[in-house]
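For reference, the chains in residue letters:
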Amino acid sequence: VQLQASGGGVVQAGGSLRLSCAASGRTFSRFGMGWFRQAPGKERGFVAAIGWAGDRTSYADSVKDRFVISRDNAKNTMYLQITSLGPDDTAVYYCAIRRVPWGPPSARYSEYDSWGQGTQLTVSS
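Draft legend 1. How the structure looks around the sheet that holds strand 7 (residues 67-72). Here we have four strands laid out as an open sheet, ordered 1-3-8-7, and antiparallel in their pairing. For this open sheet the edge positions go to strand 1 (2-6) and strand 7, each flanked by a neighbour on one side alone. Each neighbouring strand pair of the sheet contributes to a mean axis angle of 15 degrees, computed without reference to strand direction. Sheet topology note: the strand 7/strand 8 (residues 77-82) ladder contains six bridges and is antiparallel. Across the sheet, residue valine 68 finds its bridge partner in strand 8, namely glutamine 81.

Following this line, the structure appears as C-alpha cells:
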C-alpha cells in the first residue's frame, strides 16, 4: 500500500488548513486510518483516527475541539480539517493505515503498518 500525505504549509496562528492522504494498493474502504504528528525533538504522537466506514472517530484530547477527521472511500482519500491553529500544532503530520481490516478507530501506533511520507505544517505567530 502507498499513502501520500499533502496539504501542509505555513499558516498563521488562528488559521485553518485541510490535510489529505491518498491511498493506493489496498482496499481502502476496509481499513481504519489515522493521523499522527511529530514535532521537532518529540516522539510521533496520535492525533486522530477514523474507522473503515467513516462513522466512528477518535481524537487526542489536545485536538478534539479543533480537528475533524473524515474520509471519502470512493476517492480512497482521508482528510484532516484543522482550525484555530496554534504554535503547538507545528509538526510533520503522517497518515497511516491499519494492519487489520474492519475494527474501530485506534490510537495505537503499533496497529498501523503503512505510513505516508509526512507533510510539514508550520504555524507562524
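After that view of the structure, there is still more to cover.
Draft legend 2. Structural detail: the pattern of salt bridges. Throughout the structure, instances matching the rule amount to six salt bridges. Aspartate 113 serves as the salt-bridge partner of arginine 26, at 3.1 Å between the closest nitrogen and oxygen. Taken together, the residues span a long stretch of sequence, with arginine 26 in the loop between strand 3 (17-24) and strand 4 (33-38) and aspartate 113 in strand 10 (residues 112-115) at a distance of 87 residues. For aspartate 113, a relative accessible area of 32% puts it in the partly exposed group. Taking the shortest distance from any N to any O, the salt bridge between aspartate 61 and lysine 64 comes out at 3.6 Å. A residue is classified by how much of its surface remains accessible, and aspartate 61, at 64% relative accessible area, is exposed. Judged by its relative accessible area of 46%, lysine 64 is partly exposed.

About the thresholds
Residues numbered from 1 in each chain as written. Predicted model: local features only at pLDDT ≥ 70, side-chain atom pairs only at ≥ 80, totals over all residues. Heavy atoms only, no water. Pairing = 2+ DSSP bridges. Helix = DSSP H or I, 4+ residues; strand = E, 2+ residues; numbered from the N terminus. Axes fitted to C-alpha atoms, helices over the stretch in contact; angles between N-to-C directions. Salt bridge = Lys/Arg side-chain N within 4 Å of Asp/Glu carboxyl O. Buried < 20%, exposed > 50% of the residue type's maximum accessible area, 1.4 Å probe, protein only.

Worth remembering: the numbers are spatial, not functional.
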